[in-house]
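Structural characterization, general
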Amino acid sequence: VALDDGSEVSKSSLQKYKNDALPEEAWVQCDDCTDWVHQICALFNGRRNKTAAAYTCPSCYVKKKNKAGEGAEEKKEEEEMQVVKCAKDLPQCSMSEAVEK
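Thresholds applied
Residues numbered from 1 in each chain as written. Predicted model: local features only at pLDDT ≥ 70, side-chain atom pairs only at ≥ 80, totals over all residues. Heavy atoms only, no water. Helix = DSSP H or I, 4+ residues; strand = E, 2+ residues; numbered from the N terminus. Buried < 20%, exposed > 50% of the residue type's maximum accessible area, 1.4 Å probe, protein only. Contact = heavy atoms within 4.5 Å. Areas by Shrake-Rupley, 256 points an atom, 1.4 Å probe, with all protein chains shown as cover. Core = buried A, V, L, I, M, F, W, Y, C linked by side-chain atoms within 4.5 Å. Patch = residues over 30% accessible without salt bridge, like charges linked within 9 Å, V, L, I, M, F, W, Y side chains within 5 Å. Salt bridge = Lys/Arg side-chain N within 4 Å of Asp/Glu carboxyl O. Arc of directions from axis to C-beta. pLDDT = per-residue confidence, 0-100.

1. Considering the overall build of the chain
Secondary structure assignment for the chain yields three helices and two strands. Listing every helix and strand of the chain by position from the N terminus yields β-β-α-α-α. Across the 101 residues of the chain, 12% fall into the buried class. A separation of at least 24 residues holds for 31% of the contacts in the chain among residues at least 6 apart in sequence. Entry remark: accessible area of the chain is about 9300 Å², with carbon and sulfur atoms responsible for 51%.

Following this line, the structure appears as structure tokens:
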């Protein structure tokens with residue numbers, strides 16, 4: 001059987017499951033305040049960011065941005081900060097545009 005990552009595994013090594021289980025939602029932890037957020041709510045791609053990716057929650061991002069505005073030295077830190085994305089930043093297709101109307 002071919003897996004999503006391109007590797008192959010024998011069918012006999014797979015575990016048999018019913019299709020009635022709900023998958024556990026993935027979470028990501030803010031590097032600053034250590035709060036947890038659903039990856040989907042945070043627009044954080046766990047598959048793309050498998051190793052040590054930095055994440056700052058929106059609350060901490062706003063706090064850093066306001067603090068950075070107070071001093072010129074901290075302005076550099078603001079420029080280096082990761083941009084917080086919103087739902088409007090997600091890719092759109094004709095179907096999603098029709099749903100929004």
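The rest of the description comes next.
2. Description of the nonpolar core
Grouped together as the largest cluster of nonpolar side chains are seven residues: Val28, Cys30, Ala42, Phe44, Tyr55, Cys57 and Cys60. Every residue in contact with Cys30, bar those within four places of it in the chain, is listed here: Asp35, Tyr55, Thr56, Cys57 and Cys60.

3. Digging into a nonpolar patch on the surface
Together, Val1, Leu3 and Leu14 make up a nonpolar patch on the protein surface, roughly 250 Å² of accessible area in all. Within the secondary structure, Leu14 sits in the segment before β1 (27-29).

4. Considerations on helix α1 (residues 58-68)
Among all positions of α1, only Cys60, Tyr61 and Ala68 are buried. Buried residues of α1, seen end-on, are gathered within an arc of 105° and therefore sit on one face of the element. Residues of α1 that are exposed and angled more than 90 degrees away from the buried face: Lys63 and Asn66.

5. Some remarks on the confidence of the model for the chain
Averaged over every residue, the pLDDT of the chain is 79; the share at 70 or more is 82%. Element-level mean pLDDT values for the chain span from 51 in helix α2 (residues 72-80) up to 91 in strand β2 (residues 36-38).

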